[in-house]
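Take a look at the letters that make up each chain.
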Amino acid sequence: VIQCYKLENNTFSAMTTEAIFPHTLPPFETELYFLKYEFSAPHLLCCSDAESLPLNDLLAYAGMSLEKDIGQMMLGYTEADGGEEVKNAIASNLYSTAVSNDVLLLGSPIEGIYLVGRVLLKPGDEVILMCPAYDALVTTFQEMTGKENVKLWDLKAGQSGWELDLPALQRIISRKTKLVVVNFPHNPTGVIANANQMRQISDLCEQNGCYLFCDEMYRGHYNGHSERVMSMVDMYSKAVVLGGLSKTYGMPGLRAGWLVVKDPVCCQSFKGGDGKGRCTFKGGLTDPSSPAQPSPHQPTPAL
């Protein structure tokens, strides 16, 4: 047990738990459910990612070997903001207008959700959240700004499946809105916004001067009839997008994730330049700073 104290008027006083940890997130119900059943159930019918790759196959794609390349790596610190090779591969292969300096490497993709709330929001800010949603998206932003300040933008049931209700978004967004949160391709319904719908969403955000956060973890994970669309970060200057290798690429064990932030002031905040945010870039063996990832080069061939 560690007791923390603060110094005020030359007097030390004990700090409360709330003062030390102002954001206490509720239980992560989805992960608790998987913790109980994912590796013990005889049949798993709810996989949300592509079939995973064995390490040998990934090294073969990279033209590397476990003995010559991974075995020779030094267990030292990596570059503070992540390796340039990996960031450049992400920017050049996945986005039309991003450059390597716009890419923020994460310890894991879910860290990006917390950082978006930590950097962009303060208590009382208004958030519009597309629903249903991955529970970490809901609970994180409700905790950061107050549950009463998070407006839910619900999908609607159409004749052939779930659909976006853009008139509803137009009704609830305003100049008071600080952040709109969307997820395409959508988890759990599979809804994919087409280019026109994405443009309408970004235009509404631009008209009201708010940020747009798009969880794009499933980007590229389309069926044969889906329209391939560009990333939100290539459509709107105040967009922040989340990407990673866990879902579409079938490599959740790498814990490789990133944010792409093109707005320079906002990007500096994420890097900790104003004291608001700090990405945990450094890691022993990793460029994306994940202790689970065995090589700083492995995300590059996957991308």
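Residues numbered from 1 in each chain as written. Predicted model: local features only at pLDDT ≥ 70, side-chain atom pairs only at ≥ 80, totals over all residues. Heavy atoms only, no water.

Draft legend 1. Looking closely at the overall build of the protein chain. The number of helices and strands found in the protein chain is ten helices and eleven strands. Expressed as a percentage of its 303 residues, the buried residues of the protein chain come to 45%. Residue pairs at least 24 apart in sequence account for 69% of intrachain contacts in the protein chain once pairs closer than 6 positions are excluded. A total accessible area of about 16,100 Å² is found for the protein chain, and carbon and sulfur atoms account for 53% of it. (Helix = DSSP H or I, 4+ residues; strand = E, 2+ residues; numbered from the N terminus. Buried < 20%, exposed > 50% of the residue type's maximum accessible area, 1.4 Å probe, protein only. Contact = heavy atoms within 4.5 Å. Areas by Shrake-Rupley, 256 points an atom, 1.4 Å probe, with all protein chains shown as cover.)

Draft legend 2. Representation of empty space enclosed by the protein. Evaluation of the coordinates by the stated rule reveals two cavities of 30 Å³ or more. Its residues placed into classes, the lining of the largest cavity shows seven nonpolar, no polar and two charged. In this structure, the second largest cavity occupies an estimated 30 Å³ of space. In terms of lining residues, the second largest cavity is bounded by L129, M130, P132, A133, Y134, L137, V181, V182, N183, H186 and N187. Those elements that provide at least two residues to the lining of the second largest cavity are β4 (126-131) and β8 (177-183). Counting residues per element, the lining of the second largest cavity draws most heavily on β8, which supplies three residues. Grouping the amino acids of the lining of the second largest cavity by side-chain chemistry returns eight nonpolar, three polar and no charged. (1 Å grid on protein atoms, 1.4 Å probe; cavity = no way out; pocket = protein on both sides within 12 Å on 5 of 7 lines; lining within 4 Å. Points joined across faces, edges and corners; volume = space filled by probe spheres on them. Nonpolar A, V, L, I, M, F, W, Y, C, P; charged D, E, K, R; others polar.)

Draft legend 3. Structural view of the pairing of β4. When you tally the buried positions in β4, you get six out of six residues, the bulk of the element. Of the two faces of β4, the one carrying E126, I128 and M130 and the one carrying V127, L129 and C131 are both buried. Note: β4 against strand β5 (residues 150-154), five bridges, orientation parallel. Across the sheet, the residue bridging to I128 is K151, located in β5. What joins β4 to β5 is helix α6 (residues 135-145), and the crossover it makes is right-handed. (Pairing = 2+ DSSP bridges. Right-handed = clockwise from strand over helix to strand, strands pointing away.)

Draft legend 4. Broad picture of the layout of surface pockets. Reported here for the largest pocket is a volume of approximately 1,100 Å³. For the largest pocket, the lining is made up of 32 residues, of which E31, F34, S48, Y134 and K247 are closest to its centre. Those elements that place two or more of their residues in the lining of the largest pocket are α2 (29-37) and α5 (109-120). Tallied by class, the residues present in the lining of the largest pocket amount to 18 nonpolar, six polar and eight charged.

Draft legend 5. Focus on the sheet that holds strand β3 (residues 103-106). Pairing within the open sheet is mixed, and its seven strands lie in the order β3-β11-β10-β9-β8-β4-β5. At either end of the open sheet lies a strand with only one pairing partner, and these are β3 and β5. This sheet shows a mean twist of 20 degrees between the axes of neighbouring strands, independent of strand direction. Note: β8 against strand β9 (residues 211-215), five bridges, orientation parallel. Across the sheet, the residue bridging to V180 is L212, located in β9. Across the sheet, helix α4 (residues 84-94) lies against β3 and β11 (257-261), angled at about 120 degrees from β3, the strand it touches most. Each of β5, β8 and β9 is contacted by helix α8 (residues 195-208), which is oriented at about 150 degrees to β9, the strand it contacts most. (Axes fitted to C-alpha atoms, helices over the stretch in contact; angles between N-to-C directions.)

Draft legend 6. Examining the environment of Y218 more closely. Position of Y218 relative to the elements: it lies in the loop between β9 and β10 (239-244). The class of Y218 is buried, set by a relative accessible area of 11%. Taking the C-alpha atoms as reference points, Y218 and F184, separated by 34 residues in sequence, lie 6.9 Å from one another. Those residues in contact with Y218 that lie beyond four places of it in its chain are S48, P185, N187, K247 and T248.

Draft legend 7. Broad picture of the nonpolar core. In terms of nonpolar packing, the biggest core is built from 44 residues, with W153 and M232 touching the most fellow members. Beyond its immediate sequence surroundings of up to four residues, W153 is in contact with I128, L129, M130, C131, L164, D165, L166, A168, L169, I172, V182 and I201. Counting residues in hydrophobic clusters, the runner-up holds 30 residues, among them V119, A136, M144 and Y211. (Core = buried A, V, L, I, M, F, W, Y, C linked by side-chain atoms within 4.5 Å.)

Draft legend 8. Seen up close, the pattern of salt bridges. Across all of its chains, the model carries three salt bridges by this definition. For D125, the salt bridge goes to K122, with nearest N and O atoms at 3.3 Å. K151 is paired through a salt bridge with E126; the nearest N and O atoms lie 3.4 Å apart. Separated by 25 residues along the polypeptide, K151 in strand β5 and E126 in strand β4 bring together distant segments of the chain. For K151, a relative accessible area of 30% corresponds to the partly exposed category. Look at the salt bridges and you will find they share partners, linking K122, D125 and K178 into a network. (Salt bridge = Lys/Arg side-chain N within 4 Å of Asp/Glu carboxyl O.)

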